[in-house]
Amino acid sequence: MSAPVITAWQTYSPLGHGADSHREALRSAGRTGGTSPAVQDFEVREILGRAGTRSMDRVAGLAVATTARLLEQIGTPDSRFGSYAPEEVALVLGTSDGFSSVSAFLRDTWTRSKPYDVDPSHVPRTLMNFAAGQCAIRHGIKGPNTTICGSHATGLLTLNYARRLQRNGHARATVWGAVEELSPERVAVEEARLDGPAERPASEGCVMFLLESPGEVPPERTPLAEVLAVEFGVWAETDSIRSALAACLRRALARAEVTADEVFAAAPSDSVGARGAAEHRAVEDVLGSVPLLTATADAVGDARAVSAAFQTVELLDADAAPGRVGVVTTSDAEGRVGCALLRIC
């Protein structure tokens, strides 16, 4: 293996706290029906303690708590980062627009006696990189720190950025993933964009992964999947989603020197309606009638920024023989399509 490998993941999701709880609930989701769209029993100060959490919003709390679980999984009593120094570990976090914190700040300008009579504690939380900064501060991650905002494509955008950091020598290992909040403000904004309720209910959660170079993985950690290729494209009209995503898939297969026969399954985005149908048809055009993994989307709903991360988790947890290739695909309302090819280890 020469491509970077995913070696660990952790989550706080509507299906449970931690990878094991999420995995068990996902496997039983088809028998028990849907679940709550929110992460249950998650209060920032109860999960992380009172010290240093007074200014954290829910997005930052989910990201910090999930990163803590991941570092506990890979660390040792002597080193939080295992064999890596803090400055050798990068963090790439995908997030959304901070609907709740931005709305709270803007609300002050309209409801208080003077427009500038705002609560200054809201200001840091309105910055897009607040959650990533809190993760780095809380856990002592001193390598490159990056925030990416890209709607449903966010998870794949963070994966692509993470592997570029390592390929260009900026980090030996990268903690990467995505986080999304469920709030009345987010639901209102999305309904306004869609001119009505979404076809899937909004949900939330956080997934964080560890990306390492094959030669750096310690014996006690087994690689989960090799990242063979990540490709993106754009669309302007709904009718062009199918061709744009199909072109992405063909480029990814060619770049990875993989044939369609080697692909055991595809994990499409949680998009429904015309966009979702176009995505499914693009997969069929290139890969044929491969199984589509949709259990997470069916059980959880529209997780927006963390959607592709949940799709990746479902693909990693699928019953596939080592060496088989899985595909994660995405499309969003802002004009992006994308895909990632992962070879199961």
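Throughout this document, residue positions are counted from 1 along each chain, in the order its sequence is written. Totals for whole chains, interfaces and linings use every residue, but because this is a predicted model, local features are given only for residues with pLDDT of at least 70 and side-chain atom pairs only at 80 or more, for both listing and counting. Hydrogens and water are ignored here; the side-chain numbers use all heavy atoms of the structure.

**Considerations on the pattern of salt bridges**
1) Next: What counts as a salt bridge is simple: a side-chain nitrogen of Lys or Arg found within 4 Å of a carboxyl oxygen of Asp or Glu. The full count for this structure, using the stated rule, is 16 salt bridges.
2) Next: When the shortest N-O distance is used, the salt bridge between Asp-317 and Arg-23 registers 3.0 Å. Taken together, the residues span a long stretch of sequence, with Asp-317 in the loop between helix H11 (307-316) and strand S9 (325-331) and Arg-23 in helix H1 (residues 19-32) at a distance of 294 residues.
3) Next: Residues Arg-336 and Glu-334 are paired through a salt bridge, measuring 2.7 Å at the closest nitrogen-oxygen approach.
4) Next: Classification of residues uses two cut-offs on accessible area relative to the type maximum, computed with a 1.4 Å probe and protein chains only: under 20% is buried, over 50% is exposed, and between them is partly exposed. Residue classification places Arg-336 among the partly exposed positions, given a relative accessible area of 23%. By the criteria applied, helices consist of DSSP H or I runs no shorter than four residues and strands consist of E runs no shorter than two, each listed in order from the N terminus.

**Regarding the state of the cysteines**
1) Next: When the sulfur atoms of two cysteines come within 2.5 Å, that pair is taken as a disulfide. If you walk through the whole model with that rule in mind, you get 0 disulfides.
2) Next: Cysteine Cys-339 shares no disulfide, and the gap to the nearest cysteine sulfur, in Cys-248, comes to 5.2 Å.
3) Next: Cys-345 takes part in no disulfide bond, and the closest cysteine sulfur, belonging to Cys-339, lies 18 Å away.
4) Next: For Cys-345, a relative accessible area of 33% gives the class partly exposed.

**Remarks on unusual backbone geometry**
Excluding glycine, a negative phi dihedral is what most residues carry, and trans is how most peptide bonds are arranged.
1) Next: Phi is positive for Ser-151, which is not a glycine, with a value near 55°.
2) Next: With respect to the helices, strands and loops of the structure, Ser-151 is situated in the loop between strand S4 (145-149) and helix H6 (154-167).
3) Next: Phi at Glu-257 takes a positive value of approximately 55°, unusual for a residue other than glycine.
4) Next: With respect to the element layout, Glu-257 can be found in the loop between helix H8 (241-256) and strand S8 (263-267).

**What to know about H6**
1) Next: What a helix is expected to span follows from its residue count: subtract one and scale by 1.5 Å. Taking 1.5 Å of rise per residue, 14 residues should cover 20 Å, and H6 covers 20 Å from first to last C-alpha, within 8% of that figure.
2) Next: Burial analysis of H6 places 10 of its 14 residues in the buried class, the great majority of the element.
3) Next: The complete set of buried residues in H6 reads Thr-154, Gly-155, Leu-156, Thr-158, Leu-159, Asn-160, Ala-162, Arg-163, Leu-165 and Gln-166.
4) Next: Positioned one or two residues after H6, Gly-169 has a phi angle of 80°, which is positive.

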